[in-house]
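Next come the chains, spelled out residue by residue.
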Amino acid sequence: MDLRTSQTNIFDKLDILIEINQSVSRNLNLKESLNATLKILKQLYKINSGTIFLVEDESDIVRPVAFVGFKQDILRGKFRIGEGLTGRIIESGNPIVVPMVSKEPLFMNRYHTWNPKSDDELSFIGVPISLDYKTLGALVITFPFEPGRDYEISVKFLSLVASALLQPIRVQKIIEQERKSLIDENTSLKHKLQAEFSISNIIGNSHEMREIIEQTSRIAQSDTTVIIRGESGTGKELIAEAIHYNSNRKDQPFIRVNCAAIPDNLIESEFFGYEKGAFTGADKTKKGRFELADKGTIFLDEVADLSPMTQTKLLRVLQEQEFQRVGGTETIKVDVRVIAATNGDLEALIEHNKFREDLYYRLNVFSLCLPSLRERKADILLLADHFMLKYGRKHKKSVKRISTPAIDLLMSYHWPGNVRELENCIERAVVMSDDQVIHSYSLPATLQSAESSNTYQRLSLADAVQNYEKEIIQDALKQTQGNIAKAARILSSTERILGYKISKFRIRPGRFKN
């Protein structure tokens, strides 16, 4: 046997394995690691050609991912597990050796790299790449045929090479799983946001709110600038979110800016960002809110509180859709939809030269005026029930209903804080409830004081006791749908006594029937 054409000795094989391991450990890119391994085998192990195949996740498709020794690009090819010699290696998880490919009918010569009429005879060796009893792919090589080749040693050596490839393959799978998990999580969050801020989720059956919902639905599909006006606590930000998440920009950023919360000396850098070295402490370039909102929507809350200088720069952004960072000279173009909100009287501010008239007309392309809660009293109970369920889940309390006296209090109060105040009241009442019912005495004192609600007059002890007695009788009748006998049993009283009390307090049991 000619020693020059015999297999490399054991020390040469160890050197090859060391070089492959070093090459693989230096690079986290799977494709580069696999290609480097095949090049080392071709250069030092004298293979004719080599290919690494991997099975696609959750399928039976096998694809080549790296190759050496081919005249054409073979990466576009694919086949199924079980097809040909390589498919059988992956299917069985066992190596396959073919000393002479011309005598093997399963050798498919898939990439037409060997001509049986003109080319020398080839030997084929393929070993599986396996992890935790699962075959992930195969390493396949061809040699020039040599009658005295020790194929058993070759298989063992190539199996060690295949084991070395597990590290980059495992790292790549972890990266892909994390990427897929992040994409799935991001998609899930977007769907949740779109569901949460769906226009159909806006609560309100009153005439005023039906008009708002209809207008919101119409303007969501356009890119027009919107200004939302209304008292504090009426839900301006909720409407802005509904417009964005039901628009064509729903998959892009929604950036919130509270103009009143940012100091005048910082608002320009917050809006437009700044370049490194623009001022003391600017140790790196920072993107502003408009740049972050590119392709999406920016929500400018309390826009009436902007300084005159910032109003001027905001006007240019609205007109030209471009700006410069603080300390910069480069003009940055953006595609941003602007939704503004205010509870101020912009017309009065214009008269006193505190708000630019041209900025007002630029913002006031489409105006939504949200009604106060006292103007939409028909929605109070709907909102109260919604908040009762919401905070019942949050605080893990099973609150099922609101008592009749509590409803009367909610309906008679004037709600200067609007929906936000109602939400806070219901959350407090849910926390205070210990019998699955929101009672009038669980509501804040502001709702029960004569000064704030004009509902209660000063009561003597006897009157206060009578009011409490009336409330629990009404609750019992509500629970029994006006059945006096059942209500008496719930209250551990008699029908005669309860009838007397009903007559005394002028309670109409019929109002509690379905």
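The preceding data block contains the structure.
What counts as what
Residues numbered from 1 in each chain as written. Predicted model: local features only at pLDDT ≥ 70, side-chain atom pairs only at ≥ 80, totals over all residues. Heavy atoms only, no water. Salt bridge = Lys/Arg side-chain N within 4 Å of Asp/Glu carboxyl O. Helix = DSSP H or I, 4+ residues; strand = E, 2+ residues; numbered from the N terminus. Axes fitted to C-alpha atoms, helices over the stretch in contact; angles between N-to-C directions. Parallel < 35°, antiparallel > 145°, perpendicular 65-115°, else oblique. Left-handed = near helix turned anticlockwise from the far one by under 90°. Contact = heavy atoms within 4.5 Å. Nonpolar A, V, L, I, M, F, W, Y, C, P; charged D, E, K, R; others polar. Buried < 20%, exposed > 50% of the residue type's maximum accessible area, 1.4 Å probe, protein only. Pairing = 2+ DSSP bridges. Polar contact = N/O pair within 3.5 Å; in protein donor to acceptor, adjacent residues only side chain to side chain. Arc of directions from axis to C-beta. Phe/Tyr/Trp six-rings, centres within 6.5 Å; stacked < 30°, edge-to-face > 60°. Core = buried A, V, L, I, M, F, W, Y, C linked by side-chain atoms within 4.5 Å. Expected span 1.5 Å × (residues − 1).

## Digging into the pattern of salt bridges
Next, step 1: Scanning the model with the defined rule gives 26 salt bridges in all.
Next, step 2: Across the pair R229 and E347 runs a salt bridge, and its minimum N-O distance is 2.9 Å. One end of the pair, R229, is in strand 7 (residues 226–229); the other, E347, is in helix 11 (residues 346–351), and 118 residues separate them in sequence.
Next, step 3: A salt bridge links E322 to R316; the shortest N-O distance between them is 3.2 Å.

## What to know about the packing of helix 8 (residues 264–272) against helix 10 (residues 308–320)
Next, step 1: Running from amino to carboxyl end, helix 8 crosses helix 10 at an angle of 15°, the nearest separation of the two axes being 10 Å. Between helix 8 and helix 10, the interaxial angle falls into the category roughly parallel. Considering the relative orientation of helix 8 and helix 10, their crossing is right-handed. In this structure, helix 8 uses I267, E268, F271 and F272 to contact helix 10, whose residues at the interface are T310, K313, L314 and V317.
Next, step 2: The class makeup of the residues in the contact of helix 8 with helix 10 is 5 nonpolar, 1 polar and 2 charged.

## Some details on the pairing of strand 11 (residues 297–301)
Next, step 1: Counting buried positions along strand 11 gives 5 out of 5 residues, so the element sits mostly inside the fold.
Next, step 2: Where burial is concerned, the two faces of strand 11 agree: the one with T297, F299 and D301 and the one with I298 and L300 are both buried.
Next, step 3: Judged from the 5 bridges that link them, strand 8 (residues 254–258) and strand 11 form a sheet pairing that is parallel. What sits directly across from N258, in strand 11, is D301.
Next, step 4: Note: strand 11 against strand 14 (residues 337–342), 4 bridges, orientation parallel. Each bridged residue has a counterpart across the sheet, and for F299 the counterpart in strand 14 is I339.

## Notes on the sheet that holds strand 4 (residues 96–98)
Next, step 1: With antiparallel pairing, the 6 strands of this open sheet are ordered in space as 3-2-1-6-5-4. Each having just a single partner strand, strand 3 (79–80) and strand 4 make up the two edges of the open sheet.

## Section: the side chain of E275
Next, step 1: Looking at where E275 falls in the secondary structure, it is placed in the loop between strand 9 (273–274) and strand 10 (286–287).
Next, step 2: In terms of polar contacts, E275 uses its side chain to reach the side chain of R325, at 3.0 Å.
Next, step 3: Setting aside anything within four residues of it in sequence, one finds E275 in contact with A282, T285, R325, V326, G327 and G328.

## What about helix 20 (residues 495–504)?
Next, step 1: Those residues of helix 20 lying buried are L498, K501 and I502. One side of helix 20 holds all its buried residues, which, seen down the axis, span an arc of 100°. For helix 20, the exposed residues lying more than 90 degrees away from the buried face are R496, Y500 and S503.
Next, step 2: Looking at the residues trailing helix 20, positive phi occurs at R506, about 55°.

## Details of the packing of aromatic side chains
Next, step 1: According to the stated counting rule, one finds 13 aromatic pairs in the structure shown.
Next, step 2: Ring plane angle 70° and centroid distance 5.4 Å describe the contact between Y45 and F143, whose orientation is recorded as edge-to-face. Of the two residues, Y45 sits in the loop between helix 2 (30–44) and strand 1 (49–55) while F143 sits in strand 6 (residues 134–144), which places them 98 residues apart along the sequence.
Next, step 3: Owing to a relative accessible area of 6%, Y45 belongs among the buried residues under this scheme.

## As for the nonpolar core
Within soluble globular proteins, side chains that are nonpolar tend to cluster in buried spots.
Next, step 1: Counting 32 residues, the largest nonpolar core has L41 and Y45 as its most contacted members.
Next, step 2: Elements represented by at least two residues in this core include exactly helix 1 (10–26), helix 2, strand 1, strand 2 (61–68), strand 5 (122–131), strand 6, helix 4 (151–164) and helix 5 (166–196).
Next, step 3: Looking at which element gives the most residues to this core, the answer is helix 4, with 7 residues.
Next, step 4: Of all hydrophobic cores here, the second largest spans 31 residues; its members include V303, L315, F323 and A340.

## Things to note about helix 2
Next, step 1: End to end, helix 2 covers 21 Å across 15 residues, agreeing with the expected 21 Å (1.5 Å per residue, within 8%).
Next, step 2: Among the residues of helix 2, L30, S33, L34, T37, L38, I40 and L41 are the ones counted as buried. Along the axis of helix 2, the buried positions cluster into a sector of 155°, meaning they face one direction only. The outward face of helix 2, more than 90 degrees from its buried face, is lined by the exposed residues K39 and Q43.
Next, step 3: Of the residues flanking the start of helix 2, the one acting as N-cap is N29, its side-chain oxygen 3.1 Å from the backbone nitrogen of K31.
Next, step 4: Taken from the residues just after helix 2, K46 is the one with a positive phi, measuring 60°.

## Regarding the pairing of strand 2
Here is the key point about a regular strand: its side chains alternate between the two faces of the sheet.
Next, step 1: Pairing between strand 1 and strand 2: 6 bridges, direction antiparallel. Its bridge partner being in strand 2, G50 is matched across the sheet by V68.
Next, step 2: From the end of strand 1 to the start of strand 2, which pair antiparallel, there are 5 residues, and E58 there has a positive phi angle of about 55°.

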